[in-house]
Structure formats: C-alpha cells, structure tokens
Amino acid sequence: MTGSLLPDDITALAQRVVDENKAAGRVLSLAESCTGGLVAAALTEIPGSSAVLDRGFVTYSNEAKMESLDVARDIIETFGAVSIACVWAMAQGALKNSNADCAVAISGVADPGGGTQLKPVGTVVFARAIRNSDGEPEGELKHFDVKDRAAIRHQAALVALELLLP
C-alpha cells in the first residue's frame, strides 16, 4: 500500500479489520500499553475507519490504567501490569468507557532493560472483551523471541489486529 506510515503487513491486516468489522456492523476500542497507540494508528491509516474505531486508550503507566480504564490497584499489585488479569480488566474498562462492541487490550515488556526472569523481554499479554458476552474471559500470553523493541511492538500489533477480526 502506498502512502502508509506503517509496514505493509500491519496496514493490510488493518484494512481487513476495518472492512470485516464494517460489514459486521461492529465498533471497536483499544486499550494499549506497550504498543503506545500503534494499533489505533494502524486502523486510522485506513480510509473509512471512523465507521469502526470508536476510541483508543494509551495507558502506559499503571496510574493511567487505573484512572482511564478502572483497573483495580490490587490487580496491578498482585499480578502486575503484564498479566492476563490486567489486560482483561483493561479490555473491560475500554468497553465500559466507550461505545464499542469489542475491545482489545495489550500490555507487555518491549524494553530490552525491562524484563525479569518471570516476564522476559518479549512477553506480551492480550485480551478481547465483547459487550454483553457471557463467555469466558479471552486472554493470551505470547513470548516473542525477538529482543528488539520495534520488532516486539510490530508482532504485538499484528496479534492485536487479528483479535479485532469478527
């Protein structure tokens, strides 16, 4: 795709997300931490994305997760920001604080200096919440075997876009 700020694989997948959600009549929101708005940016590269994207929350700090997405302090203190519990709460908060039918949340360790033995660099967690859904919480933990910050964020954006498909 010409004229895109982002890599072709991200833009192509974002096009699918916009097209398929528009066809399904679904509205989306995002709660992003380690991707810093990259997924929302990918969607807004696509003409007509305003029919699909309601809003994105970039909640990089723990305080932002608590203030903007209503993530409980005890979730962050007990499980950490890079946990299924945290991203599930982030996704629920993004739904609650938007007009979306579906929300995806992302949090991870992309900084080469930020990893621990339990959560090494490349650990990224995802969750998807669907409004009025009785299903089990949907969460996923991935370990991207790359140590480069940009590569981790790239892979995380692709996974999040996949989760936004109907």
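Everything numeric in this text was worked out from a predicted model, so none of it was measured.

**Q** So what exactly am I meant to see when it comes to the layout of surface pockets here?
**A** In this approach the atoms are scanned with a rolling probe the size of a water molecule, which exposes any empty space left behind. Its volume calculated, the largest pocket comes out at about 210 Å³. Surrounding the largest pocket, 14 residues form its lining, Ser33, Cys34, Tyr60, Gly108 and Val109 being those nearest its centre. Those elements that place two or more of their residues in the lining of the largest pocket are helix 3 (62-69) and strand 3 (102-108). The residue inventory of the lining of the largest pocket, partitioned by class, reads 6 nonpolar, 5 polar and 3 charged.

**Q** Just to check I follow, could you spell out the sheet that holds strand 4 (residues 123-130) for this structure?
**A** The pairing of strands in a sheet comes from backbone hydrogen bonds and takes either a parallel or an antiparallel form. An order of 2-1-3-4-5 is seen for the 5 strands of this open sheet, with the pairing classed as mixed. What marks the edges here is a single partner per strand, and that holds for strand 2 (53-58) and strand 5 (138-143). Neighbour-to-neighbour, the strand axes of this sheet turn through a mean angle of 15°, independent of strand direction. In this sheet, strand 2 lies alongside strand 1 (residues 28-32) in parallel orientation, the contact comprising 5 bridges. The residue bridging Ser29 from the neighbouring strand is Arg55, located in strand 2. Running at roughly 20° to strand 4, helix 6 (residues 149-163) makes contact with strand 3, strand 4 and strand 5 of the sheet.

**Q** How should I be thinking about the side chain of Thr123 in this particular structure?
**A** Note on placement: Thr123 falls in strand 4. A distance of 2.7 Å separates a polar atom in the side chain of Thr123 from the backbone oxygen of Pro120.

**Q** What exactly am I supposed to notice about the nonpolar core here?
**A** The tendency in soluble globular proteins is for nonpolar side chains to be buried side by side. Counting 58 residues, the largest nonpolar core has Leu43, Ile106, Phe126, Leu161 and Leu164 as the members making the most contacts within it. Counting residues per element, this core draws most heavily on helix 6, at 8 residues.

Calculation notes
- Residues numbered from 1 in each chain as written.
- Predicted model: local features only at pLDDT ≥ 70, side-chain atom pairs only at ≥ 80, totals over all residues.
- Heavy atoms only, no water.
- 1 Å grid on protein atoms, 1.4 Å probe; cavity = no way out; pocket = protein on both sides within 12 Å on 5 of 7 lines; lining within 4 Å.
- Points joined across faces, edges and corners; volume = space filled by probe spheres on them.
- Helix = DSSP H or I, 4+ residues; strand = E, 2+ residues; numbered from the N terminus.
- Nonpolar A, V, L, I, M, F, W, Y, C, P; charged D, E, K, R; others polar.
- Pairing = 2+ DSSP bridges.
- Axes fitted to C-alpha atoms, helices over the stretch in contact; angles between N-to-C directions.
- Contact = heavy atoms within 4.5 Å.
- Polar contact = N/O pair within 3.5 Å; in protein donor to acceptor, adjacent residues only side chain to side chain.
- Core = buried A, V, L, I, M, F, W, Y, C linked by side-chain atoms within 4.5 Å.
- Buried < 20%, exposed > 50% of the residue type's maximum accessible area, 1.4 Å probe, protein only.

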